[in-house]
Amino acid sequence: MTDTWVIVGASRGIGLEFVRQLLQNGHQVIAGVRSVSKADQLVKLKSQYTTPERCIIEECDVASEESIQKFANKVREAARSGLKVKNIVLNAGILQYPNRATELSFSEFALHLHTNTIGPIICAQKLVHLDTESPPSKIVFISSDSGSTTIFRDDEDGFGAYSASKAALNQMLRHMAAELTRRGGKWSNTCVLALHPGEVQTDMANIDLGWEVKGSIQADESVSGMLKVIEQMDETGSFWCWDGRRHPW
Ligand code: NDP
């Protein structure tokens with residue numbers, strides 16, 4: 001085993017692929033999932049490794065403050081017994097399509113904000129406070145090109161709440177990056193990144209949009225690209241595409 005990674009939202013899609021590639025590359029993973037009983041693919045992946053500590057699966061529902069706290073406590077327990085978290089990836093996300101500003105309900109908007117913005121930020125906050133002796137190297141938020149306020153795609157109908165939730169995520173993670181830098185000392189070595197994974201063929205992308213999605217890729221290509229970006233980029237508070245191109249905020 002080399003490094004320990006925390007992946008939140010690891011039951012399927014891009015999150016599951018992160019776990020698969022990290023385990024394959026010899027790392028240890030703490031995988032946070034909304035419900036262990038529904039994370040069949042992850043449980044199957046874990047069973048391929050004979051050492052149980054290679055892949056530790058814990059419940060983490062990012063839409064629940066209580067669940068996030070319990071997850072952070074579990075990681076804290078593991079840290080007390082010597083485990084050192086190197087990188088954290090906040091991948092959990094939801095898209096309930098369509099989510100138009102002119103139509104969506106209070107609760108539909110709140111669900112997007114809880115899952116895509118508030119949950120990942122609070123989860124990262126609880127995790128970075130737990131091991132102050134040794135802060136993580138990278139805190140990575142899986143954002144989206146939809147969250148860019150520079151590239152406003154008014155031809156993309158039905159993505160109001162989703163886009164807003166990712167734009168808010170982007171703004172909050174930039175504040176997190178700036179606050180950690182101001183804290184200084186050992187915290188100045190912690191790098192906060194936003195990544196756009198590309199248009200990836202997962203359950204989330206499997207919706208009839210009524211227009212052609214150009215340049216879509218498979219999860220393995222997206223994740224191997226993002227792992228390179230995470231390894232190479234050390235400019236805190238920056239936004240990147242899966243293929244290493246800088247993404248405009
Ligand atoms: P999927 O829908 O395939 O997977 C979403 C993952 O997030 C699942 O593991 C799901 O768990 C988890 N999740 C959802 N809600 C919660 C919650 N409350 N607590 C914990 N986990 C939760 O999507 P993708 O793999 O495609 O998306 C991963 C990330 O990439 C998301 O943040 C998404 O916004 C982003 N993204 C994806 C793009 C794409 O083209 N696919 C494009 C741009 C960004 P469960 O199985 O329990 O539902």
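Quantities reported herein were computed from a predicted structural model and do not represent experimental measurements. (Residues numbered from 1 in each chain as written. Predicted model: local features only at pLDDT ≥ 70, side-chain atom pairs only at ≥ 80, totals over all residues.)

Student: Explain the confidence of the model for the protein chain residue by residue, including any values.
Tutor: Per-residue confidence for the protein chain averages 94 on the pLDDT scale, and 98% of its residues sit at or above 70. Under the prediction, the complex receives an ipTM of 0.99, its pTM being 0.97. (pLDDT = per-residue confidence, 0-100.)

Student: Just give me the short version of helix α6 (residues 219–232), but keep the residues and values in it.
Tutor: Across its 14 residues, α6 extends 20 Å between first and last C-alpha, which sits within 8% of the 20 Å expected from 1.5 Å per residue. Of the residues making up α6, those classed as buried are A219, S222, V223, M226, L227 and I230. Seen end-on, α6 carries its buried residues on one side only, within an arc spanning 135°. What points out from α6, more than 90 degrees from its buried face, is the exposed set E231 and Q232. Buried residues along α6 sit in contact with α1 (13–24), β4 (85–90), β5 (138–142) and β6 (191–196). (Helix = DSSP H or I, 4+ residues; strand = E, 2+ residues; numbered from the N terminus. Expected span 1.5 Å × (residues − 1). Buried ≥ 20, exposed ≤ 12 C-beta atoms within 10 Å, placed from the backbone. Arc of directions from axis to C-beta. Contact = placed C-beta atoms within 7 Å.)

Student: Outline the site of the ligand, supporting the account with residue identities and numerical values.
Tutor: For the ligand, the set of nearby residues contains 28 residues, the closest of which are G13, R34, G93, T202 and M204. With 3 residues, α1 is the largest single contributor of residues to the shell around the ligand. For the shell around the ligand, a count of residues per class yields 11 nonpolar, 11 polar and 6 charged. (Near = placed C-beta within 6 Å. Nonpolar A, V, L, I, M, F, W, Y, C, P; charged D, E, K, R; others polar.)

Student: Talk me through α1; I want residue IDs and the actual numbers.
Tutor: Side chains three or four residues apart in an α-helix point the same way, a direct result of the helix having 3.6 residues per turn. If you check α1, its first and last C-alpha atoms are 17 Å apart, about what 12 residues at 1.5 Å a residue would give, namely 16 Å. Burial within α1 is extensive, with 10 of its 12 residues counted as buried. Every buried residue of α1 is accounted for by G13, I14, G15, L16, E17, F18, V19, R20, L22 and L23.

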